[in-house]
Amino acid sequence: MMQTLMTFFKTIFLVDLLKGLWLTLKYTPQPAFTFQYPAERRPTAPRFRGVLRLQVEPGTGAQTCIVCDQCAKACPDDLIALGGHREPGQKIKILDYFDFNLSRCSFCGLCAEVCPTKPIKALVMSEDYELGSYSRDTQVMRVDQMYDGVAIEQYTR
Ligand code: SF4
Ligand code: SF4
């Protein structure tokens, strides 16, 4: 009986509506937590996993990938195919191709995790997250894109 009366008075005096309005008033003077994307981009978290990227030696721009194939073997979905050749007198293999099928990647990070090169990891998960494109073909990234990043498509109406 008491519960029914409480509900009745709450309904009559619009208590829930007033509670909602009070919340709105409380947060209205505070600055908005909205980023004006794409003009503004929210910074990513330190361990954010974006699209895969190959890295070169920072000073020299030399290839760091040793073409060991561990990343391709670690991928549970078989999304990486790579190959290289050995030049006479060269210690490490030259990377000829590195194809990565972005469209089915689950961003699990296993491939980057097993990459053994030090101090620069040849394969890392970058902070790039704008990965949409108009066709499936462009979702397969070739070696140049693996170094330079994905070209961002500008959407038009
Ligand atoms: S992040 Fe995971 S799914 Fe994507 S390529 Fe690497 S191992 Fe494969
Ligand atoms: S990216 Fe790393 S794991 Fe993959 S082949 Fe190159 S060195 Fe090996």
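Fair warning: this is a prediction, and the values are worked out from it, not measured in the lab.

Asker: Explanation requested: the pairing of strand S3 (residues 94-101) in the structure shown.
Answerer: On a regular strand, one side chain projects to one face of the sheet and the next to the other, so that they alternate. Pairing of strand S2 (residues 80-85) with S3, which is carried by 6 bridges, proceeds in the antiparallel orientation. The partner of leucine 82 across the bridge, within S3, is phenylalanine 98. Of the strand pairs in this sheet, S3 and strand S5 (residues 140-141) are connected by 2 bridges, and their pairing is antiparallel. Across the sheet, phenylalanine 100 pairs through a bridge with methionine 141, a residue of S5.

Asker: Sorry, what's going on with unusual backbone geometry here?
Answerer: Negative phi is the rule for most residues except glycine; trans is the rule for most peptide bonds. In the segment running from tyrosine 37 into proline 38, the intervening peptide bond is cis, with an omega of 5°. With respect to the element layout, proline 38 can be found in the loop between helix H2 (15-27) and strand S1 (52-54). A cis amide bond, omega -5°, links lysine 118 with the succeeding residue proline 119. For proline 119, the location among the structural elements is in the loop between helix H4 (110-114) and strand S4 (123-125). Notably, aspartate 69 is not glycine yet its phi reads approximately 75°, a positive angle. Within the secondary structure, aspartate 69 is located in the loop between S1 and helix H3 (70-74). For aspartate 69, a relative accessible area of 27% translates into the label partly exposed. Non-glycine residue aspartate 78 carries a positive phi angle of around 60°. Residue position: aspartate 78 is located in the loop between H3 and S2.

Asker: Any chance you could explain a nonpolar patch on the surface here in plain terms?
Answerer: Judged by side-chain polarity, Met1, Met2, Leu5, Met6, Phe8, Phe9, Ile12 and Phe13 come together as a nonpolar surface patch covering roughly 930 Å² of accessible area. Along the chain, phenylalanine 8 turns up in helix H1 (residues 2-12). Judged by its relative accessible area of 46%, phenylalanine 8 falls in the partly exposed class.

Cut-offs used in this document
- Residue numbers restart at each chain and count upward from 1, following the sequence in its written direction.
- Think of it this way: whatever chain is written first is A, whatever ligand is written first is 1, and the rest follow in order.
- Owing to the predicted nature of the model, reporting of local features is limited to residues with pLDDT of at least 70; listing and counting of side-chain atom pairs is limited to 80 or more, with chain, interface and lining totals taken over all residues.
- Hydrogens are left out, water is left out, and the side-chain values use all remaining heavy atoms of the structure.
- Paired strands, as defined in this entry, are two strands with at least two bridges between them according to DSSP.
- What counts as a helix is a DSSP run of H or I of at least four residues, what counts as a strand is a run of E of at least two, and both are numbered from the N terminus.
- The buried label goes to any residue with under 20% of its type's maximum accessible area, the exposed label to any with over 50%, and the partly exposed label to all in between, with areas taken from a 1.4 Å probe on protein chains only.
- Grouping into patches uses exposed residues only, defined as over 30% relative accessible area, and leaves out salt-bridged ones; the cut-off is 9 Å for like charges and 5 Å for nonpolar side chains (Val, Leu, Ile, Met, Phe, Trp, Tyr).
- The Shrake-Rupley method, run with a 1.4 Å probe, gives the accessible areas here. Residue values count only the displayed protein chains as cover.
- Here, a salt bridge means any Lys or Arg side-chain nitrogen found within 4 Å of an Asp or Glu carboxyl oxygen.

Geometric values such as these leave the question of function open.
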